[in-house]
Amino acid sequence: MSKQNKKHNKKLKRLLIICLLCAIILTVSTYAWFIGMKTVNVSSFDVDIATTEGLFLSMDGQNWSYQLDAKNATPYAKHTNTWAENGLIPMSSVGDMDATSSTMKLYEKASLTATKGGYRLLASRIHNYDNQDTNSNYIEGNGYVAFDLFIKNLSGTEYYATNEPLNEEAIYLTTNSAVTVAQDGEQNTGIENSVRVAFTQIGRIKADTEDIDTITGMKCGNNATGVTGICRDAQIWEPNDKAHVSNAISWYNTACLTRKASTAGDTISDASAYNTGEGSTCGTVANGTAYPTFAVARAIAVSDNVDVYDGANYNSYETDTAAYADYKTAIDGKTGDALATAQNSFRLVNYPYFTDTMKDKTGMERPTFMTLAPNSITKVRVYIYIEGQDIDNYDFASLGKKISVNFGFTKERFTETDVSYDSANSPSTNITNVNETHVQNSNYSSNNNG
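Residues numbered from 1 in each chain as written. Predicted model: local features only at pLDDT ≥ 70, side-chain atom pairs only at ≥ 80, totals over all residues. Heavy atoms only, no water.

J.: Can you help me understand the environment of A110 in this one?
T.: Positionally, A110 belongs in strand β8 (residues 107–115). Along the chain, A110 and L121 lie 11 residues apart, while their C-alpha atoms are 7.9 Å from each other. With sequence-adjacent residues up to four places away left out, A110 is seen in contact with L122, A123 and S124. (Helix = DSSP H or I, 4+ residues; strand = E, 2+ residues; numbered from the N terminus. Contact = heavy atoms within 4.5 Å.)

J.: Which parts of the structure should I look at to understand the pattern of salt bridges?
T.: For side chains of opposite charge, pairing can occur when their charged atoms come near one another. Overall, the coordinates contain 17 salt bridges when judged by the stated rule. Residue E238 pairs with R196 through a salt bridge whose shortest N-O separation is 3.5 Å. In this pair, E238 is assigned in strand β15 (residues 235–238) and R196 in strand β13 (residues 195–206), connecting sequence segments 42 residues apart. Neither E238 nor R196 differs from the other in exposure class; each is buried. On the basis of relative accessibility, which here comes to 0%, the residue R196 falls in the buried class. Salt bridges sharing common partners tie together R259, R298, D304, D310, D320 and R347. (Salt bridge = Lys/Arg side-chain N within 4 Å of Asp/Glu carboxyl O. Buried < 20%, exposed > 50% of the residue type's maximum accessible area, 1.4 Å probe, protein only.)

J.: What's the story with the packing of aromatic side chains in this structure? I'm lost.
T.: Two measures describe an aromatic ring pair: the distance that separates the ring centres and the angle between the ring planes. What the rule picks out here adds up to 14 aromatic pairs. Their ring planes at 70° and their centres at 5.7 Å tell us that Y76 and F150 sit as a pair that is edge-to-face. You can see Y76 sitting in the loop between β3 (55–58) and β4 (82–83) and its partner F150 sitting in strand β10 (residues 145–153), a full 74 residues away along the chain. Between Y327 and F346, the ring centres sit 5.3 Å apart and the planes meet at 85°, which makes this aromatic pair edge-to-face. Here Y327, found in helix α4 (residues 324–331), pairs with F346, found in the loop between α5 (336–343) and β18 (348–350); they are 19 residues apart in sequence, far enough to count as distant. The class for Y327 is buried, based on a relative accessible area of 0%. Classification of F346 by relative accessible area gives buried; the value is 11%. Three or more aromatic residues joined by ring pairs form one cluster here, namely Y324, Y327, F346, Y351 and Y353. Over the ring of Y129 we find R125; its NZ or CZ atom is 3.9 Å from the centre of that ring. (Phe/Tyr/Trp six-rings, centres within 6.5 Å; stacked < 30°, edge-to-face > 60°. Lys NZ or Arg CZ within 6 Å of the ring centre and 35° of its normal.)

J.: I'm lost on the sheet that holds strand β11 (residues 169–173) in this one. Help?
T.: Backbone-to-backbone hydrogen bonds join strands into a sheet, with any given pair of strands oriented parallel or antiparallel. Taken together, the 3 strands give an open sheet; going across it, the order is β20-β11-β23, and neighbouring strands pair in antiparallel fashion. Each having just a single partner strand, β20 (370–372) and β23 (409–410) make up the two edges of the open sheet. Of the pairings in the sheet, the one linking β11 to β23 comprises 2 bridges and is antiparallel in character. Bridge pairing in β23 places Y172 opposite T410. (Pairing = 2+ DSSP bridges.)

Shown next as structure tokens:
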């Protein structure tokens with residue numbers, strides 16, 4: 001009897017060890033865009049604003065201020081804000097809006113399998129378009145930050161009811177906007193280089209509107225009287241577009257092989273789909289140079305045969321990729337089945353981000369970041385996520401643990417250095433920040449769960 005018990009106990013121990021190993025493997029693989037990348041937790045998110053230029057921000061559409069801490073400010077009662085309390089996971093998006101749910105379309109990894117020359121990608125859409133709360137508002141998914149920001153612009157007295165950007169004022173991203181590793185994070189992992197910040201304008205109304213339900217309830221369509229539905233494609237900021245840490249470059253050089261042009265109908269899991277020896281080296285990635293991100297435009301299935309390194313700049317395979325202009329031409333004006341049919345022709349799209357390179361341009365070369373109508377209150381949905389298709393998104397990037405996101409807005413195209421401004425001769429030298437709307441997000445932290 002004793003021998004049988006010993007044998008039984010040994011079997012149980014082996015079984016427990018096997019179960020534990022399986023649990024660990026499943027836990028790691030379900031979090032990552034690349035196989036080993038872990039989630040990153042958000043411990044705080046602050047939004048601070050300073051302006052004297054007629055731009056005010058609010059989280060509830062009622063209390064307006066020059067300074068605002070978004071996460072700690074009281075939001076409106078029926079909000080669907082989410083702060084990724086359980087961690088950030090890599091997503092992908094080309095900034096499309098869903099007119100029914102008034103949410104941005106995001107895609108996450110459904111499956112990822114290592115290939116001989118990269119990783120086979122399967123992607124599914126985040127369910128922020130089919131889950132509603134008791135107030136009939138659509139609920140955002142997990143793994144990213146999303147919150148509503150109300151911007152009151154008091155310029156002018158005319159309100160333009162039509163959704164026409166030509167009637168609106170240019171807004172610029174401040175030159176000190178930045179995404180970095182927080183002071184108590186781990187430097188040189190590159191996690192900050194794959195962060196994206198998206199701004200989606202949902203709707204707007206006249207600035208003197210006082211009805212809170214009307215202000216906070218603005219959507220892409222089916223609005224109350226006086227509301228202009230906008231539902232504009234997102235303006236997505238890519239910080240650190242030229243920065244690539246050595247570890248990310250080394251990972252890419254090790255994992256990527258050029259893909260044969262004749263493999264469109266073949267499975268990319270086969271070694272025969274990739275080149276070996278001479279001609280197998282993928283495109284160069286070097287620190288100090290910006291490279292495109294071929295973001296996910298729709299759900300990716302096994303039959304699509306997509307490798308994460310597909311693209312002329314990387315494994316030289318262009319069948320899966322397309323220019324953003326071609327994508328927009330194909331889908332604009334289409335809805336329902338017609339939209340789905342048009343999108344089905346696309347998989348990965350070279351998205352034209354607003355980059356730090358653009359932000360840092362000076363003088364007349366400085367580009368507009370977005371536009372806001374005068375005499376209006378605009379509802380803006382802000383998304384912060386990790387772009388899984390960014391070349392800097394590799395397995396060990398999550399070891400950076402904590403990132404800090406800071407961004408700001410200004411109406412002024414020129415800085416003091418652009419116009420050789422002589423502050424010594426100015427009658428207002430003791431006034432600071434008189435021409436800048438500064439939105440600062442500090443201490444946006446991400447802790448490694450692993």
